[in-house]
Every structure is written in structure tokens, then in C-alpha cells.
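What follows is the residue order along each chain.
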Amino acid sequence: MPNTSRNPSFADVVGDATLETLASGLGFTEGPVWHPYEKWLVFSDMPENRMYVRQPSGVIEDFRRPSNKANGNTLDREGRLLTCEHATSSVTRLEADGSTTVLATHYQGKELNSPNDIVVATGGAIYFTDPIFGRMEYYGIPREPELSFRGVYRVDPDGSHLTLLASDFGQPNGLCFSLDESRLFVNDTERQHIRVFSVTPQGELTGGAVWAETKGDEPGAPDGMKIDSRGNLYCCGPGGIHVFDPSGNVLGVIRTPEPCANFAFGDEDLKSLYITASSSLHRLRVRVPGLRLF
């Protein structure tokens, strides 16, 4: 589908490549993560309760089934896969030997809502959002939440300590750091905007002002979010992926044929955008590369 440009700089950042469909007929795809050295892509399918891997050859096969309704994924600084599980309300880590370590399940004795998306700071601290989508039919296991709020958390790399950083959200979802990690962007699906927090040397968050809004009449809402190597911010929203410059000015929208939930930069030059859009997996070549996860 054609891209809609609102700013001349959009073409310099995204270009005009055609969207390529790599897989279709899936349930609801999410959480793509690219391994920069092993060259595979892992992504989730929540209603199908499975995770897939796209091998370097292009073959797509099962990675984990059942997946505990896995949603967001990322890699830590050692290349281990971190996963947000809706069905277990947990954040888990896949170890090199194939075992699984549970990093977070409860806050002050109450079960987390349903960890959704996840990022890792340079020092190894893990940040994740915790809306209630995984307690709903289709996306998770229907059940009442134990917590009265939907927050953003930090967990130590070994899972020894969980810290609530912010709780004044409707439904916190995608998150990403600025290039120097001095700021953390967090979007709110319910309120249709992106907020920005300052990150203290201790890893706490301050501020939280609205930084940008995702506007449009088409289906879609703030969800997955990433920055590229120039600090441009990409965020799912109405009609596709909204691209903002480092000051929060919207450059344009990458149109997708179905509502887009998430995406990841990949391939050797990190100029391929792997897009999970409802029942499909797509790829789009862009002009500015993304960032390696480790």
C-alpha cells in the first residue's frame, strides 16, 4: 500500500519501497525481534498460542508451542530472549541451555496484569509495560486483574527486584529509549499518545509529559515502538506505522493493509522493517537503519 507523507523528510528516512508479505493467514502477530548475529527473526502469535522463527533461509517454523500467549519479545545484552507472557502474567528469559528463567510475576504480592512489551538498558536493567490486554479473550486468558493500575516497571537482570516506575496510564504498551538512554518513551493505547520520561542515573523515571499523538481515522492504535539510528521514532497507530523526527514532529505514515501491532529493524544492514500486522508478517526496506539490540 502507498505511504502517506506529511513532511519532505519522510522520503529521506523511509523511502518508497514496496511492502513485501512474508507470511499470511496467521492469528494476531506481535513481538518481532531480530538477532543481529544469528540472523533469525522470532515473533509471536497470541491467539494461536505459539511463537515462530523465520530462519536465515526464509523458512518460517515453530519456535515455541504453546507459548503462554506470548506477546512482546526482545534480546538482552547477552543475546538471550526475553518474553512477555500474557497467560502467566510473567516476564521470562530463555537461557542458552534451553531452560527458562522467570524474572517477574507479582508486584507487592499481587499478580501482574499481563506484561506486554519490553526493552533492555545498556546496563542490563529490563523495562516493561503491564496493561490488561492479556486478561481478555483472544489476546490472553480472561480473568479479573489483581492490581488496580496499569504500570511501567523495571526489573533487575537476575529478577531479584521489581520496581514500579509509573502507574498513571490507561493502557501502557510500546516503549523505547532515546539514543543516549536519557529518556524513555512509552505510548498509551487507550489515550492514543506517546509520553516521554527522563531516566535518572538510578534508572527511575521522572516527568511523563505527552510527547506526540498518533492521529488518524483508520483502524489502529499506539502499540509497538522503536527508534532508528538517527533518533527518529516509529510507532504503530491508525493506518500503519507513524514516523516522528527526534523533536516529535510527524513525518508520515507507513501504510499497512491491516492494523499493525509491532515491528523490528532487521537484516544485515538493519534497514529492513519486519512488520507484524494482524494476520501477516511483512517486510519493508527503509533508508535509515535501526539499532542492534546488543
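Residues numbered from 1 in each chain as written. Predicted model: local features only at pLDDT ≥ 70, side-chain atom pairs only at ≥ 80, totals over all residues. Heavy atoms only, no water.

1. A closer look at the overall build of the protein
The line we're drawing: Counting from the N terminus, the helices are DSSP H or I runs at least four residues long and the strands are E runs at least two residues long. Think of it in three bands: with a 1.4 Å probe and only protein chains considered, a residue is buried below 20% of the maximum accessible area for its type, exposed above 50%, and partly exposed in between. Every residue pair with non-hydrogen atoms within 4.5 Å of one another is taken to be in contact. A 1.4 Å probe and the Shrake-Rupley method give the accessible areas. Residues count as covered only by the protein chains that appear here. His is not counted, nor are the chain ends, whereas Lys and Arg count as positive and Asp and Glu as negative. In this description, the location of a charge corresponds to atom NZ of lysine, CZ of arginine, CG of aspartate or CD of glutamate.
Check the secondary structure of the protein and you find one helix and 27 strands. A total of 294 residues make up the protein; the buried ones form 59% of that total. Pairs at least 24 residues apart make up 47% of the contacts formed inside the protein by residues separated by at least 6 positions. Approximately 11500 Å² of the protein is accessible, and the part contributed by carbon and sulfur atoms is 48%. Within the protein, the 38 negative side-chain charges are centred at a point lying 2 Å from the centre of the 27 positive side-chain charges.

2. Quick word on unusual backbone geometry
Leaving glycine aside, a negative phi is the common case for residues, and trans is the common case for peptide bonds. Between Arg-65 and the following residue, Pro-66, the backbone shows a cis peptide bond with an omega angle of 0°. Checked against the element boundaries, Pro-66 lands in the loop between strand E6 (60-64) and strand E7 (70-75). Located in the positive-phi region is Tyr-138, a residue other than glycine, with phi close to 85°. Looking at where Tyr-138 falls in the secondary structure, it is placed in the loop between strand E14 (126-130) and strand E15 (151-155).

3. A word on the sheet that holds E14
Keep this limit in mind: Two strands form a pair only when DSSP identifies at least two bridges running between them. Fitted lines through C-alpha atoms give the axes, limited to the stretch in contact for helices. The angle between two N-to-C directions lies from 0 to 180 degrees.
Strand order across the open sheet formed by four strands is E13-E14-E15-E16, with antiparallel pairing between neighbours. Strands at the two margins of the open sheet, each flanked by one partner only, are strand E13 (118-120) and strand E16 (162-166). In this sheet, neighbouring strand axes are inclined to one another by 25° on average, regardless of whether the strands run parallel or antiparallel.

4. Notes on the pairing of strand E10 (residues 100-104)
With four bridges connecting them, strand E9 (residues 90-94) and E10 associate as antiparallel partners. Paired with Arg-93 across the bridge in E10 is Thr-101. The loop that links E9 with its antiparallel partner E10 comprises five residues; one of these, Gly-98, has a positive phi angle of about 90°.

5. Let's talk about the nonpolar core
Stated precisely, the cut-off is as follows: The criterion is simple. A nonpolar core is a set of buried Ala, Val, Leu, Ile, Met, Phe, Trp, Tyr and Cys residues joined through side-chain atoms within 4.5 Å.
Ranked by internal contacts, the top residues of the largest apolar core, which has 19 residues, are Val-14, Tyr-234, Ile-254, Leu-273 and Ile-275. Counting residues per element, this core draws most heavily on strand E26 (residues 272-277), at three residues. Those residues in contact with Leu-273, other than ones at most four positions away along the chain, are Tyr-234, Ile-241, Ile-254, Phe-263, Ala-264, Phe-265, His-282, Arg-283, Leu-284 and Val-286. The next biggest cluster of nonpolar side chains, apart from the first, holds 16 residues, and it includes Val-91, Val-120, Phe-149 and Val-155.

6. Focus on the pattern of salt bridges
Going by this rule: Salt bridges are defined as contacts in which a side-chain nitrogen from Lys or Arg sits within 4 Å of a carboxyl oxygen from Asp or Glu.
A complete count under the given rule lists 17 salt bridges for this structure. The shortest N-O distance in the salt bridge between Arg-195 and Asp-168 comes to 3.0 Å. Residue Arg-195 is found in strand E19 (residues 193-199), and its partner Asp-168 is found in the loop between E16 and strand E17 (172-177); the two are separated by 27 residues along the sequence. Looking at Arg-195, the relative accessible area reads 7%, which means it is buried. Counted as one network, the salt bridges with shared partners bring together Asp-76, Glu-78, Arg-80, Arg-93 and Glu-95.

7. Focus: the state of the cysteines
Selection criterion: When two cysteine sulfur atoms are found within 2.5 Å, that pair is recorded as a disulfide.
Counted by the stated rule, this structure contains zero disulfides. In this model Cys-84 remains outside any disulfide bridge; the closest cysteine sulfur is found in Cys-176, 15 Å from its own. Looking at Cys-84, the relative accessible area reads 0%, which means it is buried. Cysteine Cys-176 shares no disulfide, and the gap to the nearest cysteine sulfur, in Cys-235, comes to 8.2 Å.

8. A look at the sheet that holds strand E2 (residues 20-23)
Through backbone hydrogen bonds, the strands of a sheet pair up, either in parallel or in antiparallel fashion. Strand order in this open sheet of four strands is E2-E27-E26-E25, and the pairing throughout is antiparallel. The open sheet has two edge strands with one neighbour each: E2 and strand E25 (262-266). On average, adjacent strands in this sheet sit at an angle of 25° to one another, irrespective of strand direction. Of the strand pairs in this sheet, E25 and E26 are connected by five bridges, and their pairing is antiparallel. The residue bridging Phe-263 from the neighbouring strand is Ile-275, located in E26.

9. Some words on the confidence of the model for the protein
Stated precisely, the cut-off is as follows: Values of pLDDT, the confidence the predictor places in each residue, fall between 0 and 100.
In the predicted model, the protein carries a mean pLDDT of 97, and 98% of its residues have values of at least 70. No element of the protein has a lower mean pLDDT than strand E1 (residues 4-5), which averages 52, and none a higher one than E14, which averages 99.

10. Considering the side chain of Ser-278
Let me state the cut-off plainly: A 3.5 Å cut-off defines polar contacts: any pair of N or O atoms within that distance qualifies, except that in protein one atom must be a possible hydrogen donor and the other a possible acceptor, and neighbouring residues in sequence count only when both atoms are side-chain atoms.
Along the chain, the position of Ser-278 falls in the loop between E26 and strand E27 (280-285). Judged by its relative accessible area of 11%, Ser-278 falls in the buried class. One polar contact links the side chain of Ser-278 to the main-chain carbonyl oxygen of Pro-259, over a distance of 2.9 Å. Sequence-distant contacts of Ser-278, defined by excluding residues within four places in its chain, comprise Gly-27, Phe-28, Thr-29, Glu-258 and Pro-259.

11. Describing the environment of Thr-122
Position of Thr-122 among the secondary structure elements: in the loop between E13 and E14. For Thr-122, a relative accessible area of 53% translates into the label exposed. For Thr-122 and Glu-258, which are 136 residues apart along the polypeptide, the C-alpha to C-alpha distance reads 34 Å. Among the polar contacts listed, one links the side chain of Thr-122 to the side chain of Glu-181, at a separation of 2.6 Å.

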